[in-house]
Amino acid sequence: MQIEEFSLERIQSLYENTVPYNLSDSGVHPYTLKELLTGEELAGLQEIQLGYGWTNGAVELRQAIAALYRDRTGDEVIVTNGSAEANFLLVSSLIDPGDEIVVITPNYLQIHGWAMAIGANVKTSALRPENGWELDLDQIEDLVTDKTRLITICHPNNPTGALLNPDQLDGLIDIARRHDVYLHGDEVYKGSELDGDEPMSIADLYEKGIATSGLSKAMALPGLRIGWLVGPAAEIYDTWRYKDYTSITTSALSEYIGQLVLAPKRRQAILSRSKTILRENRALLTDWIHQHPRFSFFPPKAGGMAFVSYRANIGSTALAHSLREEKGVLVLPGDVYGLDGYLRLGIGERKAQLEAGLERLGEHMQQFS
Ligand SMILES: Cc1ncc(COP(=O)(O)O)c(C=O)c1O
């Protein structure tokens, strides 16, 4: 099997843990266990038996996840190691070689790469930057054929932080429904909306809607590696067959913590911390961009990143590498999304890190015309 290198993840893995100024993450500065848990809960950790759990996730955790959605039960949820495993299981169980899928781009390209590897015919429809990253519904309609099995979108979007307006989301669901195809939302940034309410999940809006999500981004807990799939019970059951072959279970420790943080008030408190950090940093970045007119962006509406376009006589991969080598700042090049001329800047880090990273980026750009 041929599989493309997942360059977004590879760049981060190679450099993000050693670089002095890491502006490559898309989530929010993660909690330590000590910050997150009470003394009693920390003590509870010591009592956990380190055995295997249910391979589709602890019953109570699945129920807590189901409660985030409308009229769902734990049978319509499977717990996974990150939303990455959830996406992997979704494609593995739903897509056969020769099936067509439509990926709305830009996107976290995991589904794109894995579907290509298993022999699917992957078509893409791009969000339109000229309109603040809106869907091109006519183009999506044209791409769907009787071989299309799935349309997939990342919403809120990685890397643009864009949110669909409700009419656009309805339009997308209408296309999926008329063609009787699955619609998947990678919703791992849901809950970190900076200006308004949390949007409805695709799983709540469409009978063949499936959502993947997890605790890594809006919830600032990537090290737990807790993700999930939610959707129709039969399709979720199908993904379970693959889970037994991949990782069997998630960690007992992570399931315990996952259950605690998904209690409604606790979840809101965590999301509120995330939004405070992100709002402050978005304002900082907006000011910086006003002072650096060769950069421009649509301020993100959700998530821990901004997709910033720049004007300079250097491609984004070369720019990102030189910035890291010369100034110790890691950002992601737009090239990893197939969009040169952009940088993805993390805005979920501590303010001082972002400030220092932006200052160095400003200095670095002076050498380019
Ligand atoms: C859109 C999207 N989906 C999935 C993932 C995987 O994250 P995790 O497995 O930590 O939930 C990422 C990570 O960056 C992401 O941006």
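Please read these numbers as outputs of a predicted model, since none were measured by experiment.

**Q** With reference to specific residues and values, describe helix α11 (residues 252-261).
**A** Listed as buried for α11 are S254, E255, I257, G258 and V261. Tucked into the core, α11 has its buried residues touching α2 (33-36), α3 (39-46), α4 (59-66), β2 (77-81), β8 (226-230) and α12 (264-291). Residue S251 occupies the N-cap position of α11, its side-chain oxygen lying 3.1 Å from the main-chain nitrogen of L253.

**Q** So what's going on with the site of the ligand? Residues and values would help.
**A** Surrounding the ligand, one finds 14 residues, the nearest of these being S83, D186, Y189, S216 and R225. Y189 has a polar side-chain atom sitting 2.6 Å from an oxygen atom of the ligand. Relative to its unbound accessible surface of 400 Å², the ligand loses 95% to contact with the protein. The site holding the ligand turns out to be the largest pocket.

**Q** For the side chain of D186, give the residues involved together with the corresponding values.
**A** As for its position among the elements, D186 is in strand β6 (residues 182-186). K217 is the oppositely charged side chain nearest to the buried, salt-bridge-free D186, at an N-O distance of 9.0 Å. For D186, the side chain forms a polar contact with the side chain of N87, separated by 3.1 Å. Here the side chain of D186 touches V188 through a polar contact of 3.4 Å, landing on its backbone nitrogen. Each residue touching D186, except ones within four places of it in the same chain, is listed here: N87, Y108, I153, C154, H155, P156 and T212.

**Q** Describe the domain arrangement of the protein, with residues and values.
**A** Each assigned domain of the protein is listed here: domain 1 (7-32 + 267-365) and domain 2 (49-263). Placing a centre on the C-alpha atoms of domain 1 and another on those of domain 2 gives a separation of 24 Å. Contact residues are listed per partner, giving 31 residues for domain 1 and 33 residues for domain 2. Between domain 1 and domain 2, the buried area comes to about 2700 Å², and carbon and sulfur atoms account for 60% of it. Summed over the shared surface of domain 1 and domain 2, the result is 2 salt bridges. Two residues, R267 and E198, come together in a salt bridge whose shortest N-O distance is 3.0 Å. There are 16 residue pairs in polar contact (both at pLDDT 80 or more) connecting domain 1 and domain 2. Listed by contribution, the elements that provide at least two residues to the side of domain 1 that touches domain 2 are α1 (7-15), α12, β10 (305-310) and β13 (342-346). Counting residues per element, the side of domain 1 that touches domain 2 draws most heavily on α12, at 9 residues.

**Q** Describe unusual backbone geometry, and please don't skip the residues or the numbers.
**A** In this structure, the amide linkage connecting T105 to the following residue, P106, adopts the cis form with an omega of -5°. Note that P106 resides in the loop between β3 (100-105) and α6 (110-117). Residue P156 is reached from H155 by a cis peptide bond, and omega for that bond is -5°. Along the polypeptide, P156 turns up in the loop between β5 (148-154) and α8 (166-179). A positive phi angle, close to 60°, is found at A220, a residue other than glycine. Looking at the secondary structure, you find A220 in the loop between β7 (209-214) and β8. Notably, R225 is not glycine yet its phi reads approximately 60°, a positive angle. Assignment of secondary structure puts R225 in the loop between β7 and β8.

**Q** Tell me about the pairing of β8, and name the residues and values.
**A** β8 sits mainly inside the fold: 5 of its 5 residues count as buried. Burial of the side chains of β8 extends over both faces: I226, W228 and V230 are buried on one face and G227 and L229 on the other. With 5 bridges connecting them, β2 and β8 associate as antiparallel partners. Its bridge partner lying in β8, V79 is registered against W228. Alignment of β7 against β8, held across 4 bridges, turns out to be antiparallel. Following the sheet pairing, A211 is matched in β8 by V230.

Cut-offs used in this document
Residues numbered from 1 in each chain as written. Predicted model: local features only at pLDDT ≥ 70, side-chain atom pairs only at ≥ 80, totals over all residues. Heavy atoms only, no water. Buried < 20%, exposed > 50% of the residue type's maximum accessible area, 1.4 Å probe, protein only. Helix = DSSP H or I, 4+ residues; strand = E, 2+ residues; numbered from the N terminus. Contact = heavy atoms within 4.5 Å. Polar contact = N/O pair within 3.5 Å; in protein donor to acceptor, adjacent residues only side chain to side chain. Near = heavy atom within 4 Å. Areas by Shrake-Rupley, 256 points an atom, 1.4 Å probe, with all protein chains shown as cover. 1 Å grid on protein atoms, 1.4 Å probe; cavity = no way out; pocket = protein on both sides within 12 Å on 5 of 7 lines; lining within 4 Å. Sits in = over half its atoms within 2 Å of the grid points. Lys, Arg positive; Asp, Glu negative; His and termini not counted. Salt bridge = Lys/Arg side-chain N within 4 Å of Asp/Glu carboxyl O. Domains from an automatic or database assignment. Buried area = accessible area lost by both parts, 1.4 Å probe. Pairing = 2+ DSSP bridges.

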